[in-house]
Structure formats: C-alpha cells, structure tokens
Amino acid sequence: MKNAVCCFLLFFCCGVAHADSGTLAQQVLAETNVARQNPQRYAQYIREFKRSFIGKGYRLPGSLDVVMTSEGKGALDEAVRFLARQRPLPALSWSPELAKAADELVREQTASGETGHGERGDMKKRIEKYGSWRSSIGENISYGPDTARQVVMGLIIDDGVPDRGHRKNVFDRSFTTAGIACGPHPLYRTICVTDFAGGFKGR
C-alpha cells in the first residue's frame, strides 16, 4: 500500500466557474493521463503558470488579488526539472468502484468540513468495501482547485509537501487504474479525491 497523502492546494483557490462534480472528476482523470503520457507538455503548462508569479504569490487572470504559496517559483522550477526527466507512462483506466470509494470520502467531508484521510488504515478499509485491489493502492486529496488542470498541476507542483507524495502517486508506474470524485467543501470550496490501484476488481 502506498502512502496516502492529502493536498491543501489553497494557492489555487480562486478559480473560474467549474464543471459539475461528476464532469470535473472525469476531466481530472483525463488531465492526469495527459501528464503521465506527455510530461513535457505539463512542464510547459507550469512554465506558463510561472509568468503570473510575483515573489511567492501570483495573480490569476482577471484578478488583482495576489494568492500566496509556500515555496514560490522554486517549487515550480523543481517540478519542471522533474517532468523533463520523467518518461511517459501508460494512461490510467477509470474504475467505477474506486470512484465510489473516493466519493464516500468527498461526501463525508462535504458534510463535516474536515480534511485528510482519517485514521490510519481508513483509506484501505474504505477502498476494500468496494472490491479487491492488486499490487498497491494510494490516494491524493486536493482542496481548493476547481478546474481539472489546476488540480493536476497543483498535485505535480506539490507546493509545501517536502516528499512530493502527490506527484509520486500521479507518476507511479505500478498504478493502472483510478477512480475520482469531486464536490464542494465548506472551507476550501472544492475537494477532489483520487484513489489509485495497481488493479481493481469490484464486488
């Protein structure tokens, strides 16, 4: 079982109007697969994003507000270097059962306003309610971003996360399938949960 890591991507919290939660989940998988299959393209997205930075903050198009990050441009530069070395990986398939496991956590936190994966082992128990997994499992949680590209780019940059655990999950070769659910969060506007597995057989 891989480490489960949650991502407080509050530096992306101020976005444009977003798709409904089901559509957003499908779009996040599509963007994740773009990153896995063409990491150099995502490096270019991050280079373009860097142009909006002023110190450790940045402005979104059409806004005068400066949104602060933890590491500033350094995290973006490090992500670009990683992507330049990253070899393309196979796309992840969509798992309806893993999406149900992800949705369970989204619904809980939409109601409670809590964050994180719960107690140790909760992710594993939640996923195993919907079937059996092979090889490995992992989980990313994004709070704040409300477009698919912002979600995935934020997970890859992994600002403020020393071990870049979200990025490791995105580019983990052992994962072959994923399920995603997104929804409103009472504190951070949007939550997206991605559950990964090396293979999954639903009940």
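Here, every reference points to the structure presented above.
We now turn to the structure provided with this report. (Residues numbered from 1 in each chain as written. Predicted model: local features only at pLDDT ≥ 70, side-chain atom pairs only at ≥ 80, totals over all residues. Heavy atoms only, no water.)

Here we come to the sheet that holds strand 3 (residues 57-59). Ordered in space as 2-3-4, the three strands form an open sheet in which the pairing is antiparallel. Each edge of the open sheet carries a strand with a single partner, namely strand 2 (53-54) and strand 4 (66-68). As paired strands, strand 3 and strand 4 are joined by three bridges and run antiparallel to one another. Bridge pairing in strand 4 places G57 opposite M68. (Pairing = 2+ DSSP bridges. Helix = DSSP H or I, 4+ residues; strand = E, 2+ residues; numbered from the N terminus.)

Next up on the list: the packing of aromatic side chains. The final tally for this structure, using the stated rule, is seven aromatic pairs. With centroids separated by 4.8 Å and ring planes inclined at 75°, the aromatic side chains of Y42 and Y45 adopt a geometry described as edge-to-face. Residue Y42 and its partner Y45 are both found in helix 2 (residues 39-50); the two are separated by three residues, about one turn of the helix. For Y42, a relative accessible area of 0% gives the class buried. Y45 sits in the buried class, given a relative accessible area of 16%. When the centroid spacing of 4.9 Å and the interplanar angle of 70° are considered together, the rings of F49 and Y58 count as edge-to-face. For the residue pair F49 and Y58, the accessibility class agrees, reading buried in each case. One aromatic cluster is present, built from ring pairs that chain together F49, F53 and Y58. The ring of Y45 carries the charged tip of R149 above its face, separated from the ring centre by 3.8 Å. (Phe/Tyr/Trp six-rings, centres within 6.5 Å; stacked < 30°, edge-to-face > 60°. Buried < 20%, exposed > 50% of the residue type's maximum accessible area, 1.4 Å probe, protein only. Lys NZ or Arg CZ within 6 Å of the ring centre and 35° of its normal.)

Once that is clear, we can look at helix 6 (residues 148-157). The buried fraction of helix 6 amounts to nine of the ten residues, a majority that puts the element mostly inside the structure. The set of residues buried in helix 6 consists of A148, Q150, V151, V152, M153, G154, L155, I156 and I157. After helix 6 finishes, the residue D158 shows a positive phi value of roughly 55°.

Our next topic: the state of the cysteines. The final tally for this structure, using the stated rule, is one disulfide. The partner cysteine of C182 in its disulfide is C192, sulfur to sulfur 2.2 Å. One quick way to see it: the torsion about the S-S bond of C182 and C192 is about 110°, and its sign makes the bridge right-handed. Highlighted residues: C182 in strand 8 (residues 177-185) and C192 in strand 9 (residues 189-197), separated in sequence by ten residues. No difference in accessibility class separates C182 from C192, as the two residues are buried. (Disulfide = S-S within 2.5 Å.)

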